[in-house]
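Residues per chain are reported as follows:
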Amino acid sequence: MATTTTMLKPVYSTPHPLAGDKVPLTVFDLAAFDIFVPTVRAYTAPAPSNEAIKEGLLKAVALLPHLAGRLAVDDHGRRFLHLNDEGVLVIEATVSADLADVLADGMAANFDDMYPTFPEENIGVALLQVKINRFRCGGVVIGTIAHHYLGDGHSFGIFFTTWASAVREGKDFAVPSPPFLDRAATAVPRPTPAPVFDHRSIEFRGGDDGRSSKPHAVVPMDKIKSLTVHFTAEFIADLKARLGARCSTFQCLLAHAWKKITAARDLKPEEFTQVRVAVNCRARANPPVPMDFFGNMVLWAFPRLQVRELLNSSYGSVVGTIRDAVARIDGEYIQSFVDFGAVADINGEELTATAPAAGTMLCPDLEVDSWLGFQFQQMDLGTGPPCVFQTPNLPVEGLMIFVPSRTAKGGVDLIIAVAEGHVDAFEQICYSLG
């Protein structure tokens, strides 16, 4: 695989208003994973040229200057985002194979070569790195890694669709209205900060009880297998019919997956199991934050049940537990979280997120994120939307991501990391509606 590497820097007709800014990390940033997050998108031939893809990338980054910045450390040892336009690292690779053959073999087996290698150090390196893999047939796979401090999944949905529009429209690209970039405005404490909830035990390490059902083990990565489960539109309709009430696709599939992986784990009936559910706080905050805000604004709900109760309860009952937990992430909770961050900052405390490390076994717990809001049709580079959009091998057992199916209209794919000893049992029951 022949490769070339360049550092692309955005060009502005007039300097961006935030150019040169040193942007403090918000408490929402600090609660996120301190890692680079990989994604892979595949486009069949004929795909746009590498030059068109890079030109579109620069147009998108010009709207989102954080992407071309760097993490740095101030005199007090606190990290911040330096919007210094140092650029985006771009690797171009030529692959002597046809994309169809790679897809037939299963992308998971070939993921590691499709995105840039994770940096050993986060400070001073490119926070967005892109690898353009050009196949013999003309197809292309675009692999990206981006540091989570840049933004959450919702934010990267904005970036990917803007990038695709810029490639698709070329010289006719109509620059959209600027996204909301004022991070400080998303985390304004009360005049006298007054946290109400025990956030040190929930979003950050250091509390007495923590939020896990029991201490989590860490194992070698090869003991964790990444599976993809395909749920058809018909399966989802049958599942919703069993509930007897209106329910989102995400909530009903989460209830199903929670039941099935818990059964496959063969846990003791009296044990407790919980799910860490990512909740977008933009519309839940008071006042609300614009939905086009680019940054981190996610907190977590923790539906929790005894194994016996989870396995014996109806789908409707489990969905109710999930719904009730999510509803608790309201304006009051979000303001309490922001106030907690302000108090910690005043006291010079270093906050360490409860995000699990690679190789963590969450069992008996789970963590879930939803990418069901991603607009894949808007990721069309001009020759059709991606035929594959995935995150490579998940590093934490029990981590789940729901994404719209790229092969079945109305379907949903569940990407889940399962302990190797639970794979067979899970695969046998994952489509059972019992």
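A brief look at the structure comes next. Fair warning: this is a prediction, and the values are worked out from it, not measured in the lab.

**Here we look at the pattern of salt bridges**
Under the definition given, this model contains 13 salt bridges. We note a salt bridge from Asp29 to Arg183, for which the minimum N-O separation is 3.1 Å. With Asp29 in helix α1 (residues 27–31) and Arg183 in the loop between α4 (153–169) and α5 (199–202), the pair connects residues that are 154 residues apart, well separated along the chain. Here Arg183 falls in the buried class, since its relative accessible area comes to 2%. With a shortest N-O distance of 3.0 Å, Asp152 and Arg282 are connected by a salt bridge. Linking Asp152 in the loop between β8 (140–147) and α4 with Arg282 in the loop between β11 (272–280) and β12 (298–301), this pair joins segments that are 130 residues apart in sequence. Taken individually, Asp152 and Arg282 each receive the classification buried, so the pair is uniform in this respect. Residues participating in the shared-partner salt-bridge network are Glu51, Lys54 and Glu92.

**A few points about the environment of Gly384**
For Gly384, the location among the structural elements is in the loop between β15 (366–370) and β16 (388–390). For Gly384 and Tyr43, which are 341 residues apart along the polypeptide, the C-alpha to C-alpha distance reads 7.6 Å.

**What to know about the side chain of Thr273**
Within the secondary structure, Thr273 sits in strand β11. Looking at Thr273, its side chain comes within polar contact range of the side chain of Trp258, at 3.1 Å.

**Some points on the packing of aromatic side chains**
Applying the stated criterion across every chain yields a total of 17 aromatic pairs. When the centroid spacing of 4.8 Å and the interplanar angle of 45° are considered together, the rings of Phe197 and Tyr333 count as tilted. Taken together, the residues span a long stretch of sequence, with Phe197 in the loop between α4 and α5 and Tyr333 in helix α10 (residues 331–346) at a distance of 136 residues. Residue classification places Phe197 among the partly exposed positions, given a relative accessible area of 33%. Sitting above the plane of the Tyr315 ring, Lys259 keeps its charged end 5.4 Å from the centroid. Here Arg304 stacks its cationic end above the ring of Phe272, 4.3 Å away from the centre of that ring.

Criteria and cut-off values
- Residues numbered from 1 in each chain as written.
- Predicted model: local features only at pLDDT ≥ 70, side-chain atom pairs only at ≥ 80, totals over all residues.
- Heavy atoms only, no water.
- Salt bridge = Lys/Arg side-chain N within 4 Å of Asp/Glu carboxyl O.
- Helix = DSSP H or I, 4+ residues; strand = E, 2+ residues; numbered from the N terminus.
- Buried < 20%, exposed > 50% of the residue type's maximum accessible area, 1.4 Å probe, protein only.
- Polar contact = N/O pair within 3.5 Å; in protein donor to acceptor, adjacent residues only side chain to side chain.
- Phe/Tyr/Trp six-rings, centres within 6.5 Å; stacked < 30°, edge-to-face > 60°.
- Lys NZ or Arg CZ within 6 Å of the ring centre and 35° of its normal.

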